[in-house]
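Okay, here's what each chain looks like letter by letter:
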Amino acid sequence: MDITISLSDGVPIYRQILNQIKYLMASGQLLPEEELPPIRTLALQLKVTPNTVVKAYDELESAGLIHKRRGAGTYVSDVTSPLAKRERQRIIEQRVDALLAEAHQLNFTADDILRVLRERLAAMPRLAAAAAKGER
Amino acid sequence: MEHMLVDVNNLSRSFGRRLALDRVNFHVAKGRVCGLVGANGAGKTTLIKHLLGLLRAQSGSVRVFDHDPVRDPVAVLSRIGYLSEERELPEWMRVDELMAYTQAFHPTWDTSYARQLLETFALDPSKKIKELSKGMRAQAGLVAAVAHRPELLILDEPSSGLDVVVRRDILDAIVRTVADDGRTVIFSSHLLDEVERMSDHVTMIHDGRVTLSGALDDLRRRYRRSRVRFREGFDHPPVLESALAMDGGGRMWSVVHSGPSEEFRLSVLTHGGEIVESRDATLEEIFLARAGRSRRQVEAA
């Protein structure tokens, strides 16, 4: 599973694992009923204490995003699309918040940002076409 | 209360006039990984030597598995795996002789696990210890420390002076010890990124005293690192409420402070500044702030 741990941004490691698994689910890289790596395997891969992985899995389980099968590992739950949608919304909001904070630092107004956003989108023909199609 | 595998209360120890441990309390619950951090000479090794019964408590008490390690060394040491920075291994022995020798002390020795580890590390059993490189010695010491599947694994600066590959082997050994039926690990290290990755609990020792101890996530929540911008520059760090350490200069300062704190925000405001960015502190930032090793320490805190 493609997870990276960063120790420089002050986010607890279990939360980084949790967020990245949610991201993998929201973006369709982890599919319903797909098996998650066993705790020991993921701990060895990431070089973190197994208790941290346990904590991340426990929280995902109580949020109903994954489930354990008796003696047979941990699986991605078949989350209904509203949940995935909420998660996607949350991810994009976080990115936008970071962008706005940075923009404020650099003295860009919200209007400036919207303008830049449109310019950048126009510079990416494939995305621009998809966006135009969505508007219709 | 949770059952404590290691229970140290009010332990003090001096060597001559020097107070090496000062009323230390240290408790480790079963199944935990406890990281012990502190500068060289802070007292980490002295504490560990008490757990192993190599030093007698001058005052206070030391209990490991509910035994006194000095009075009852067999009951304690047979259940512990230990690897020290010095790796005091018998130089004249061959690797296989070291294994046989260590096995004799430990009825729970797992021969196939030992063999498997030796193969993973590509250690030649017929080689003499003195012929091994530094990294290979550490690996041999590690096999000797874990092959009896100890209930408690104690590693004193295990990664010191080792290359990335061997350090990874040591971290893997910690993960396996905990993942396989919840055994317990205590490890001391000055490599804070290792401690941050591997520990559930962290105990920070400074000048023989425990300055900070608790679950890593709780400790981290208690401290924030904020970047602050002032309207006017300061030559010396301004005194801010709840700030522990400040770095920077002029108008931009990076501050480690206890928090989340309204006092801090107001204090910044009073000095004509604003908080540009704020997040939970990393273990390294907390450590430097608490150990007074930041470039500018704020005495007022």
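Predicted model, so just to flag it, every value in this text is computed and none were measured. (Residues numbered from 1 in each chain as written. Chains lettered and ligands numbered in written order. Predicted model: local features only at pLDDT ≥ 70, side-chain atom pairs only at ≥ 80, totals over all residues.)

**Here's the deal with the sheet that holds strand 1 (residues 35–36) of chain A**
Residues and elements named next belong to chain A.
Inference 1: Taken together, 3 strands build an open sheet; the order of strands is 1-3-2 and the sheet is antiparallel. Single-partner strands in this sheet number two, and they are strand 1 and strand 2 (66–68).
Inference 2: Strand direction decides the pairing type here: strand 2 and strand 3 (residues 74–76), joined by 3 bridges, are antiparallel. By the bridge assignment, Lys-68 is partnered in strand 3 with Thr-74.
Inference 3: With respect to the sheet, helix 3 (residues 50–62) is in contact with strand 2 and strand 3, its orientation differing from that of strand 2 by roughly 105°. (Pairing = 2+ DSSP bridges. Helix = DSSP H or I, 4+ residues; strand = E, 2+ residues; numbered from the N terminus. Contact = placed C-beta atoms within 7 Å. Axes fitted to C-alpha atoms, helices over the stretch in contact; angles between N-to-C directions.)

**Quick look at the domain arrangement of chain A**
All names here are of chain A.
Inference 1: You can read the domains of chain A as domain 1 (13–76) and domain 2 (81–135).
Inference 2: One C-alpha centre belongs to domain 1, the other to domain 2; they are set 29 Å apart.
Inference 3: Taken together, the contact between domain 1 and domain 2 spans 4 residues of the former and 4 residues of the latter.
Inference 4: Looking at the side of domain 1 that touches domain 2, its residues break down into 3 nonpolar, no polar and 1 charged. (Domains from an automatic or database assignment. Nonpolar A, V, L, I, M, F, W, Y, C, P; charged D, E, K, R; others polar.)

**Some remarks on helix 6 (residues 164–179) of chain B**
Residue and element names in this part refer to chain B.
Inference 1: The end-to-end C-alpha separation of helix 6 is 22 Å, in line with the 22 Å expected for 16 residues at 1.5 Å each.
Inference 2: Among the residues of helix 6, those classed as buried are Val-166, Arg-167, Asp-169, Ile-170, Leu-171, Ala-173, Ile-174, Val-175, Thr-177, Val-178 and Ala-179.
Inference 3: Looking one or two places after helix 6, you find Asp-181, whose phi comes out positive at around 40°. (Expected span 1.5 Å × (residues − 1). Buried ≥ 20, exposed ≤ 12 C-beta atoms within 10 Å, placed from the backbone.)

**Focus on the interface of chain B and chain A**
Inference 1: With 20 residues of chain B at the contact, the number on the chain A side is 16 residues.
Inference 2: Looking at the side of chain B that touches chain A, the elements with two or more residues in it are helix 6, helix 7 (192–198), helix 8 (216–222) and strand 12 (273–280) of chain B.
Inference 3: In terms of residue count, the dominant contributor to the side of chain B that touches chain A is helix 6 of chain B (5 residues).
Inference 4: Split into classes, the residues belonging to the side of chain B that touches chain A amount to 8 nonpolar, 2 polar and 10 charged.

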